[in-house]
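Breakdown of the fold
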Amino acid sequence: MASSYKDEDGHITVSGSGAAAGAGGGSLRSKKPENTAFKQQRLPAWQPILTAGTVLPAFFIIGLMFIPIGIGLYVTSNNIKEFEIDYTGVEMSSPCFTCAQNFSWNGTKPCTCSVPFHLDQPYESNVFMYYGLSNFYQNHRRYVKSRDDSQLNGNEESLRKPSKECEPYAKHGNKPIAPCGAIANSMFNDSLELIYNDPNGTKVQIPLTATGIAWWTDKHVKFRNPGAENTNLTVVFQGTTQPVNWRRPVFQLDSDPDNNGFINEDFIVWMRTAALPTFRKLYRIIQRRSNVHPTLPRGNYTLEVVYNYPVRSFEGRKRMILSTISWMGGKNPFLGIAYISVGSVCFLLGVVLLIIHHKYGNRNNAAEISH
Amino acid sequence: MGMDFSTLRTLISRYCAGEENCVDTRTVYIGHKEPPPGAEAFIQQRFPDNRIISSKYTFWNFIPKNMFEQFRRVANFYFLIIFLVQLIIDTPTSPVTSGLPLFFVIIVTAIKQGYEDWLRHKADKAVNQCLVQVVQHGKLSRKHSRKLTVGDVVYVKEDESFPCDLILLSSSRDDGTCYVTTASLDGESSHKTYHAVQDTKAYKTEEEVNCIHATIDCEQPQPDLYKFRGNINIYMGNEPVSRSLASQNLLLRGATLKNTEYIYGVAIYTGMETKMALNYQSKSQKRSAVEKSMNAYLVVYLCILISKAVINTALKYVWQADPNRDEPWYNEKTESERQRHVLIRVFTDFLAFMVLFNYIIPVSMYVTVEMQKFLGSYFIMWDDEMFDKELGERAVVNTSDLNEELGQVEYVFTDKTGTLTENNMEFIECCVDGNVYVPHIICNGQVMPGAAGIDMIDTSPGPEAREREELFFRALCLCHTVQVKEEETVDGIKHGIHQGKSSSFYISSSPDEVALVEGMKRLGFTYLRLKEGQMEILNREDEIERFELLEVLTFDSVRRRMSVIVRSSTGELYLFCKGADSSIFPRVVSGKVEQIKARVERNAVEGLRTLCVAYRRLSPEQYEQVCHLLTRAKLEFQDQDKLVAEAYDLIERDLILLGATAVEDRLQEKAADTIESLHKAGMKVWVLTGDKMETAAATCYASKLFRRSTQILELTTKRTEEQSLHDVLFELSRTVLRHYGSMTRDASSGLSSEYIDYGLIIDGATLSAVMRPSQEDSNSGNYKEIFLEICRNCSAVLCCRMAPLQKAQIVKMIKSSKEHPITLAVGDGANDVSMILEAHVGIGIMGKEGRQAVRNSDYAIPKFKHLKKMLLVHGHYYYIRISELVQYFFYKNVCFIFPQFLYQFFCGFSQQPLYDTAYLTLYNISFTSLPILLYSLMEQHINIDILKKEPTLYRDIAKNSLLTWPIFIYWTVLGVYDAIVMFFGVYFLFNNTTFTSNGQMFGNWTFGTLVFTVLVFTVTFKLVLDTHYWTWINHFVIWGSLVFFVVFSLLWGGIIWPFLNYQRMYYVFMQMLSSGPAWLSIILLITASLLPDVVKKVFWRALWPTNTERIQAKRRCLASEPSTIFMLSQTSSRISF
């Protein structure tokens, strides 16, 4: 099989009598191979070999480096405060049970529910608020490709004629859907509010920042509203229709013109398809206001949910997560544990190798000398 | 009357033989002249014109034919199918990913083949357009070569080559002979004599030639260069004459006219029917063991691929059974998808999975392997140590497909004469009636000036003996076919006759003859020339003696002798005969047979080539009879060869033995050293020769094939005459097996010092008896098995008295024995061609017996000693390199594709690719291809010098040891492990959390990119761990390709690419790198992936080191001290790139 790329014929060489007339004086020099290091395969080279002796230090060094790194990572991860609450409303006791039960696409009146919860510890620095979905296959092939990046980049032509990839969410009636595709169509549209129940009885709404949640490059380069800057989005999107499952058109996502249309950050966040079926997405940031008070003090809170997003049909779950962030991101003990274990394995192997090297290395050397 | 007779005979002979081969003859009208009416009813045949077509394609059929041939290959076809599937159905990856590499390969191959074909077209055109001179209407006219037709009378001048196969009609020489070299046909550069048809040799001008009125009957073209039978009917004068034609009348296309002013000949075979064209048929393709393993692995991977696709398809439909999973509200299907039949959906899903995983069998592997072989073969050609100053030749690679096979050789079959020995004959001594004469020898066979040159060892002879002695010398001066070439130099054998005087040379196709004639010269009898049928000899008294040469009974390998009949100036008739002892002694009636026999045997034991000389005095009546016998035999059309042989047999008898000669054929330089190294490397060396047993055995001792300690087993005609073949075979096998049994016992008790090695000698006749398929009793079928069993336990085997075809038979027998060992045949002559073609690897030595072996070989080397470096160094390297290449390619693609397979479990079996299209396409093409290609060209796990010094290292790679199933499985398991580490490492990192410091989330493309980054680094570092030879090029390529990956990724994600309809990779790579945990996990995962391999390597090396590894370690110890060898190798390797 592999011989395939070779010319496999022994064809007639009709070149006259060249073959035998070779050994003349002139051809002698030309036939002599050049004596260069490369052609004689004698280029100077470093010739390392992996022996117990050479690898030993490496193992110890890796062990000694990885274990502290791992411990550091583990401690960091442990210091991160994370709170997670499921508000799907599967159980009867759940406050959102009614909303989940009575869900209909055409409901005009939004269903709301409040989920109380308690934070045991105060959250000191910036707190990041996520929503999490599970059993939601954002990484399904049909789903992942169901978008039109050039439409989202503000291309007028794609706005009018969405890509075929968006099917069956490309057109509704005769109007092109903007933004088209399954991803956009299924955008998460629950709205979440946090209320702090002050021990003195007052309810304080926690201020949530809705910007800075999407990648900077996405918001400023990859996603763009069609038309020139500062034009009225309503005009620009004339002739298109909103995605079927949306309650309002794309140009009414936010009142802030810098966060409206395709560059709405909630939308951008949703459009970055998650890698795994259980995922979380950044929803809001709770900025730290003062140096004296923690961002989220210890105490009772209420999560006010406008319940719009159905997940029960595919046995999905919805969660709200509050998390502080360190330099290594959210709470994830994996990296620390992995570092510690790889480090210890290396260290252990180093010890074993040391023994072997001591025992067999000498023997081999002795054998060689007698050899 | 005569005419009737000849016509009748032709007719009869045609119809007698004609029953089976009626169309096997053709009739040629010389000069297109019809025969006289009523002569014979010939059927006019159509003959092709003289156009040579070596090209494969025409302008019109190039594209379809080339495409067809390329896609006929399984690999190409597979990739084409994948590509078509991608085009037709909705698949996860774009058709570009497989189409681009495939069409790149196809187009490059097509261009290469097209270019080669264009060159052939050009060469064809040059040949076909070349002008030749043809006699037309009594005048010479010029014609394009391609327009020549059968029957044209062609005029060829000296140093021109013949445009087609011609029957020689006449030449400028009076005797109607001409000299020809067939160097470009069979490589023999000696001048051969051809004879014109007796009746036409007088016609020497175009007018005269034009009057020739004759027809030729001859056989249809056949490829044997040396066989030709025909008959010419000449209708001139009153009675038509019929003459037989033989190969000595046939001038072959491609041969060149020499030493003759001009000739006239009639074209009988033209164009593609010439013997030359018929001889250059394509050779069968040889495939290397590595290639076979590669194909086996390929099948395994194809199975893995299919099972992966099947598993995924099945799981997909199990998983999708719930409609809310199949089609949740957020991810609906299009109408057309819904309406598709379920079977079609299953099938397309299966195909889509196939496409998704098809990278596991990479196109690029084929390209890389081809490139490795092609480029790697240059190192053989460039090797300075395989350059021979004397010949001015370097090693030649005729096929690069078998480079790695050079590292796998188990059996070496070598020719003796010209391969082990120099084929540079030197006259050593002669023995006349028991008196031994030795010419004075100074180095290089030059005679001491002034010395008459006889050194009597035994007593000086009496007058009667002196007479016999002179007769012996005369006999040797006369009984040969040596030609004297004056002045100019010729390729081939040249020796000065007169030192200083003029430069004349003896030329002969047999170097033995030249050595004998030269030896005679040194003993005082100088052969001067053959002039007008007279052979002239300068005797000791500086008188010229003339002998009329009457007949030459030429040498052939069946008779193993030749004779001449001469008439001396006094009118006496002599028959001188010289030949092998076995063919002379039975025909001798008197002479001192016993003494001579003893001397011959003694000489043979010393490794000298012996010939016996005998004579017979003929009375005129006897001579008449001889002439009659010969002419009758030569006239015969049908069984000429047989009749001639019978006639010779009748003539060469009742001989009187004169003496014997001994010629030494010196061993090639370092032949013994080479054979010793090959032995140490675990190869079994067989010598196959046509020589007689004693001579061959002596050479074997001299070349250390047999040592003094070797116990010789004989399987010769002599023994089988005494006992039956059956008994001999069983006895030998018992001896060998008993020893074998005791050896294993010794080995267990640790006493293997008393190791006897066996050598076997077998001759051609016994061998054919052994090989003969079972006929009489059921036992005989086992002979072959027993024989093989014996051979297996012998370190060296000598086969003497071999016919060329038998050589090939032996090779074939060993090749097809149950272990299927890899065989290598090395030889220099035309008689070795069959075995060179038969063996797995054929090596030609650029010897003196022409170029035929070289041309038919896979590799050609100037000297036998170069075989050592060829096998032990180049073969070893190529094998190590290509086996790593193959394993590594499969490994890196398992690492590449297995994560994709795992990802299917997390994306609902939706065929979502893990990596971006660009990564899928470029992974094998650019990110990971160059380092392994370079590795496979440059790797030297051990220095060249050590490989040469320690031939035993060759055993470490014997039996395809680096491509065995356990190793293959190890690599595959390693690949799967790495894939699992990479995938799940990243999975747990991504698992429902974030790892950025600004809380933002990453998507599926970041997931894939992270896996891919770890992947590229891991597989590259795996190669780093395997590389033992780091030149600056390695550093450049390995680090360069990693840098290229990073730069490419930055660029690919750094721009909104206007021509793409998706921007999924935009800033993904940069965002990923902006996160600390991503870096940490890359480092961690690479370490974790490489760890087991490092541990395995170190442990194995420490606990069960192979020889190679011991030597490597030793070298390390040495390297720390100032070792001369390495100092030298370092200084010699200054950077002179």
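About the thresholds
Residues numbered from 1 in each chain as written. Chains lettered and ligands numbered in written order. Predicted model: local features only at pLDDT ≥ 70, side-chain atom pairs only at ≥ 80, totals over all residues. Heavy atoms only, no water. Helix = DSSP H or I, 4+ residues; strand = E, 2+ residues; numbered from the N terminus. Contact = heavy atoms within 4.5 Å. Areas by Shrake-Rupley, 256 points an atom, 1.4 Å probe, with all protein chains shown as cover. Axes fitted to C-alpha atoms, helices over the stretch in contact; angles between N-to-C directions. Parallel < 35°, antiparallel > 145°, perpendicular 65-115°, else oblique. Left-handed = near helix turned anticlockwise from the far one by under 90°. Nonpolar A, V, L, I, M, F, W, Y, C, P; charged D, E, K, R; others polar. Expected span 1.5 Å × (residues − 1). Buried < 20%, exposed > 50% of the residue type's maximum accessible area, 1.4 Å probe, protein only. Pairing = 2+ DSSP bridges. UniProt positions renumbered as here; feature names shortened; annotations may be inferred. Phe/Tyr/Trp six-rings, centres within 6.5 Å; stacked < 30°, edge-to-face > 60°. Lys NZ or Arg CZ within 6 Å of the ring centre and 35° of its normal. Polar contact = N/O pair within 3.5 Å; in protein donor to acceptor, adjacent residues only side chain to side chain. Domains from an automatic or database assignment. Core = buried A, V, L, I, M, F, W, Y, C linked by side-chain atoms within 4.5 Å. Buried area = accessible area lost by both parts, 1.4 Å probe. Salt bridge = Lys/Arg side-chain N within 4 Å of Asp/Glu carboxyl O. Patch = residues over 30% accessible without salt bridge, like charges linked within 9 Å, V, L, I, M, F, W, Y side chains within 5 Å. Bend = angle between axes of the 7 residues up to and from the residue.

**Thoughts on the overall build of chain A**
From N to C terminus, chain A includes eleven helices and ten strands. Restricting to contacts in chain A with at least 6 residues of sequence separation, those with at least 24 account for 80%. When the accessible surface of chain A is summed, it comes to about 16,900 Å², and 55% of that surface belongs to carbon and sulfur atoms.

**Some remarks on the packing of helix H24 (residues 764–771) of chain B against helix H26 (residues 804–815) of chain B**
Residue and element names in this part refer to chain B. Closest axis-to-axis distance for the H24/H26 pair is 11 Å, and the angle between their directions is 45°. Classed by the angle they form, the pair H24 and H26 counts as oblique. The hand of the H24/H26 crossing is left-handed. Residues Gly764, Leu767, Ser768 and Met771 of H24 pack against Gln806, Gln809, Ile810 and Met813 of H26. Here the residues of the contact of H24 with H26 are counted per class, giving four nonpolar, four polar and no charged.

**Thoughts on helix H11 (residues 342–357) of chain B**
All names here are of chain B. Between the first and last C-alpha of H11 there are 22 Å, a value that for 16 residues agrees with the 22 Å anticipated at 1.5 Å per step. Among all positions in H11, only Thr348, Asp349, Phe350, Leu351, Ala352, Phe353, Met354, Val355, Leu356 and Phe357 are buried. Elements in contact with the buried residues of H11: helix H3 (74–88), helix H8 (289–319) and helix H29 (866–904).

**What to know about the sheet that holds strand E3 (residues 127–134) of chain A**
Residues and elements named next belong to chain A. Spatially, four strands are ordered E1-E10-E3-E8 in an open sheet, and the strand pairing comes out antiparallel. The sheet is open, and its two borders are formed by strand E1 (82–86) and strand E8 (279–286), each paired with just one other strand. Averaged over all pairs of adjacent strands, the angle between strand axes in this sheet comes to 20°, irrespective of strand direction. Bridge count for E3 against E8 is seven bridges, and the pairing is antiparallel. Paired with Leu133 across the strands is Phe279, a residue of E8.

**Some thoughts on the UniProt feature "transmembrane region" (unreviewed entry) in chain A**
The positions that UniProt labels "transmembrane region" (unreviewed entry) are, in the present scheme, residues 49–75 and 334–356 of chain A. Secondary structure within residues 334–356 of chain A divides into 100% helix and 0% strand; the distance between the first and last C-alpha atoms comes to 32 Å.

**Considering the packing of helix H34 (residues 1004–1026) of chain B against helix H35 (residues 1032–1054) of chain B**
Residue and element names in this part refer to chain B. Closest axis-to-axis distance for the H34/H35 pair is 11 Å, and the angle between their directions is 175°. Overall, the two elements H34 and H35 adopt an arrangement that is roughly antiparallel. Along the contact surface, H34 presents Phe1012, Thr1013, Val1016, Phe1017, Thr1020, Phe1021 and Val1024, while H35 presents Ile1038, Trp1039, Leu1042, Phe1045 and Val1046. Looking at side-chain class alone, the contact of H34 with H35 contains ten nonpolar, two polar and no charged residues.

**Quick word on the packing of aromatic side chains**
Counted by the stated rule, this structure contains 108 aromatic pairs over all chains. Seen in terms of ring centroids, Tyr309 of chain A and Trp329 of chain B are 5.3 Å apart; in terms of plane orientation they differ by 75°. Their pairing is edge-to-face. Highlighted residues: Tyr309 of chain A in the loop between strand E9 (299–307) and strand E10 (317–324) and Trp329 of chain B in the loop between helix H9 (323–326) and helix H10 (335–339), drawn from two different chains. Classification of Trp329 of chain B by relative accessible area gives buried; the value is 13%. Ring centres of Trp329 of chain B and Tyr330 of chain B lie 5.8 Å apart, and the angle between their planes is 90°; on these two criteria the pair is classed as edge-to-face. On the basis of relative accessible area, Tyr330 of chain B is assigned to the buried category, the value being 2%. In this arrangement the basic side chain of Lys1022 of chain B is found over the ring face of Trp971 of chain B, its NZ or CZ atom lying 4.4 Å from the centre. The cationic tip of Lys1096 of chain B hangs over the ring face of Trp1100 of chain B; the distance from NZ or CZ to the ring centre is 5.7 Å.

**Thoughts on the side chain of Ser733 of chain B**
All names here are of chain B. Tracing the chain through its elements places Ser733 in helix H23 (residues 725–749). For Ser733, the side chain forms a polar contact with the main-chain oxygen of Phe730, separated by 3.0 Å. Look past the residues within four positions of Ser733 in its chain and what remains in contact with it is Ile786 and Ile790.

**Structural notes on the domain arrangement of chain A**
Domain annotation for chain A reports domain 1 (52–79 + 331–359) and domain 2 (81–325). Summarising the inter-unit geometry, the C-alpha centres of domain 1 of chain A and domain 2 of chain A are found 42 Å apart.

**Brief notes about the nonpolar core**
Counting residues in each nonpolar core, the largest one holds 205 residues, and the members touching the most others are Trp270, Leu303 and Leu322 of chain A together with Phe1007 of chain B. With 17 residues, H29 of chain B is the single largest residue contributor to this core. Not counting the four nearest positions on each side in its chain, Leu322 of chain A is found in contact with Lys81, Glu82, Phe83, Phe117, Tyr123, Val127, Phe128, Met129, Leu194, Ile286 and Leu296 of chain A. By size, the runner-up hydrophobic cluster in this structure holds 52 residues, among which are Ala37 of chain A together with Met386, Ile845 and Tyr1029 of chain B.

**A short note on the sheet that holds strand E6 (residues 191–197) of chain A**
All names here are of chain A. The four strands are arranged E2-E9-E6-E7 in an open sheet whose pairing can be described as antiparallel. In this open sheet, the two edge strands, each paired with only one partner strand, are strand E2 (111–119) and strand E7 (203–205). Direction aside, neighbouring strands of the sheet carry axes that sit 30° apart on average. Where E6 lies against E9, seven bridges are found, and the strand directions are antiparallel. Directly across from Ser191, in E9, lies its bridge partner Val306.

**Comments concerning the interface of chain B and chain A**
Each partner contributes residues to the interface: chain B has 154 residues there, and chain A has 119 residues. Roughly 12,300 Å² is buried in total at the junction of chain B and chain A, and carbon and sulfur atoms are behind 59% of that figure. Contact with chain A buries area across many residues of chain B, yet Trp329, Tyr330 and Asn992 of chain B alone supply 8% of it, more than any other trio. Across the contact surface, chain B and chain A share three salt bridges.

**Points about the pattern of salt bridges**
According to the stated counting rule, one finds 56 salt bridges over all chains in the structure shown. Here Glu385 of chain B makes a salt bridge to Arg42 of chain A, at a shortest N to O gap of 3.3 Å. Here Glu385 of chain B, found in the loop between helix H12 (363–382) and strand E14 (396–397), pairs with Arg42 of chain A, found in the loop between helix H1 (25–31) and helix H2 (52–79), and the two come from separate chains. On the accessibility criterion, Glu385 of chain B (35% relative accessible area) is partly exposed.

**Re the environment of Pro297 of chain A**
Residue and element names in this part refer to chain A. Locating Pro297 in the fold gives a position in the loop between E8 and E9. We classify Pro297 as partly exposed; its relative accessible area is 21%. The residues touching Pro297, leaving out its near neighbours within four places in the chain, are Leu119, Pro122 and Tyr196.

**Quick notes on the environment of Ala765 of chain B**
Residues and elements named next belong to chain B. Locating Ala765 in the fold gives a position in helix H24. Residue Ala765 is classed as partly exposed on the basis of its relative accessible area, which comes to 44%. Taking the C-alpha atoms as reference points, Ala765 and Tyr1066, 301 residues apart in sequence, are found 79 Å from one another.

**Quick notes on a nonpolar patch on the surface**
A contiguous nonpolar surface patch, about 480 Å² in accessible area, is contributed by Phe77, Ile81, Leu84, Leu87 and Ile88 of chain B. Of note, Leu87 of chain B is situated in helix H3.

**A look at H29 of chain B**
Owing to its 3.6 residues per turn, the α-helix aligns residues three or four sequence positions apart on the same side. All names here are of chain B. For H29, which comprises 39 residues, the first-to-last C-alpha distance of 56 Å matches the rise-based estimate of 57 Å (1.5 Å per residue) to within 8%. Of all the bends in H29, the greatest, near 30°, is centred on Gly875. Burial analysis of H29 places 39 of its 39 residues in the buried class, the great majority of the element.

**Let's talk about unusual backbone geometry**
Cis geometry is found at the peptide bond from Glu167 of chain A to Pro168 of chain A, where omega equals 0°. Relative to the helices and strands, Pro168 of chain A resides in the loop between helix H6 (156–160) and strand E4 (171–172). Along the chain, Ala178 of chain A connects to Pro179 of chain A via a cis peptide bond; the corresponding omega equals -15°. As for its placement among the helices and strands, Pro179 of chain A is situated in the loop between strand E5 (175–176) and helix H7 (182–185). The backbone of Asp159 of chain B sits at a positive phi, close to 70°, despite the residue not being glycine. Here Asp159 of chain B shows up in the loop between strand E4 (153–157) and strand E5 (165–171). Overall, the relative accessible area of 49% leaves Asp159 of chain B in the partly exposed class. Here the phi dihedral of Tyr1067 of chain B falls at roughly 60°; this positive angle occurs in a residue that is not glycine.

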